[in-house]
Amino acid sequence: MPLLAVVLVACAPKSEPRTVLDFMDDGFAREGVLTRCNQNREETLNDAECINARRAAATIALEAERARAPELEQRSEAKLVALRDHNSQSEAGAAGGTAPAFGSPVGSVLPSMSQEESLGTELLGPHSIEIDAQPPSNDIVIAPSLDVPELAVVPRPLGDDTAQR
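How each quantity is defined
- Think of each chain on its own: its residues are numbered from 1, step by step along the sequence as written.
- With the structure being a predicted model, the display of local features is reserved for residues of pLDDT at least 70 and the display and counting of side-chain atom pairs for 80 or more, all residues being used for whole-chain, interface and lining totals.
- The side-chain quantities take in all heavy atoms of the structure and omit both hydrogens and water.
- Only runs of H or I of at least four residues qualify as helices and only runs of E of at least two qualify as strands under DSSP, and these elements are numbered from the N terminus.
- A helix's residues, less one, multiplied by 1.5 Å, set its expected span.
- Exposed residues in this analysis have more than 50% of their type's maximum accessible area, buried residues have under 20%, and partly exposed residues fall in between, with area computed by a 1.4 Å probe over protein chains only.
- Note that the arc is defined by the directions from the helix axis to the C-beta atoms.
- The definition of a polar contact used here is a pair of N or O atoms within 3.5 Å, where within protein one atom must be able to donate a hydrogen and the other to accept one, and adjacent residues in sequence count solely through side-chain atom pairs.
- Here the nonpolar core consists of buried residues drawn from Ala, Val, Leu, Ile, Met, Phe, Trp, Tyr and Cys, with membership extended through side-chain atoms lying within 4.5 Å.
- Any pair of residues with heavy atoms lying within 4.5 Å of one another is described as a contacting pair.
- Sulfur atoms of two cysteines make up a disulfide when they are within 2.5 Å.

**Q** I keep staring at helix 3 (residues 27-39) and nothing clicks. Help me out?
**A** What sets the pattern is the α-helix's 3.6 residues per turn: residues three or four places apart point alike. Here helix 3 spans 18 Å end to end across 13 residues, near enough to the 18 Å set by a 1.5 Å rise per residue. Within helix 3, burial applies to Ala 29, Arg 30, Val 33, Leu 34 and Cys 37. The arc that holds the buried residues of helix 3, viewed along the axis, is 130°, so those residues lie on one side. Those residues of helix 3 that are exposed and aimed more than 90 degrees away from the buried face are Phe 28 and Gln 39.

**Q** Help me out: how do you make sense of the environment of Asp 22 in this one?
**A** In this fold, Asp 22 is placed in helix 2 (residues 20-25). As a C-alpha pair, Asp 22 and Asn 52 span 30 residues in sequence and 8.9 Å in three-dimensional space. A polar contact is formed between the side chain of Asp 22 and the backbone nitrogen of Thr 19, at a distance of 3.1 Å.

**Q** In this structure, what is going on with the nonpolar core? I would like to understand it.
**A** Generally speaking, soluble globular proteins have nonpolar side chains that are buried together. In terms of nonpolar packing, the biggest core is built from eight residues, these being Phe 23, Ala 29, Val 33, Leu 34, Cys 37, Cys 50, Ala 53 and Ala 56. Every element with two or more residues in this core is listed here: helix 3 and helix 4 (48-94). Among the elements that line this core, the one with the most residues is helix 3, at four residues. Once residues lying within four places of it in the same chain are set aside, the contact partners of Cys 37 are Thr 44, Cys 50 and Arg 54.

**Q** Teacher, can you tell me more about the state of the cysteines here?
**A** Any covalent bond linking the sulfur atoms of two cysteines counts as a disulfide. Under the defined criterion, the tally for this structure stands at one disulfide. The side chain of Cys 37 participates in a disulfide bridge whose partner is Cys 50; the two sulfur atoms lie 1.7 Å from each other. Looking down the S-S bond of the Cys 37 and Cys 50 bridge, the torsion is -80°, so its handedness is left-handed. Taken as a pair, Cys 37 in helix 3 and Cys 50 in helix 4 lie far apart in primary sequence, 13 residues in all.

If you want it as structure tokens, here you go:
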């Protein structure tokens, strides 16, 4: 009897790996397979069930992100409108007293370029440089000196007969 059980188990056809659609429908199975596959990524790199579970998880994440996109876009637009309203109110009330926020219209003149303050005008005009230095004295004497080294014997290549003649 035990021999028959072993033969039946050995001859039983192996079950086909679950598909991406199977894993998309069964979150519990998907998470279990992903946990097993993530424990040893090198060995399960080519495992069909691991590949299908990863594809199913990526597909579900993409669908969730696409579902959230309109809400995120609406939030972003609302924040931009609120920022523009705030900046237009502060520009009208402060008359350029604060710096504009990033991305907001700045108008014809930046607040840092107001007409009351003319910081840069004295820096742009002509300037003279005054240096308190004395010219060098003319008492310096430069005496040329030339050292002529003695003529040195120039070595000749071996086998050259011109040096002996």
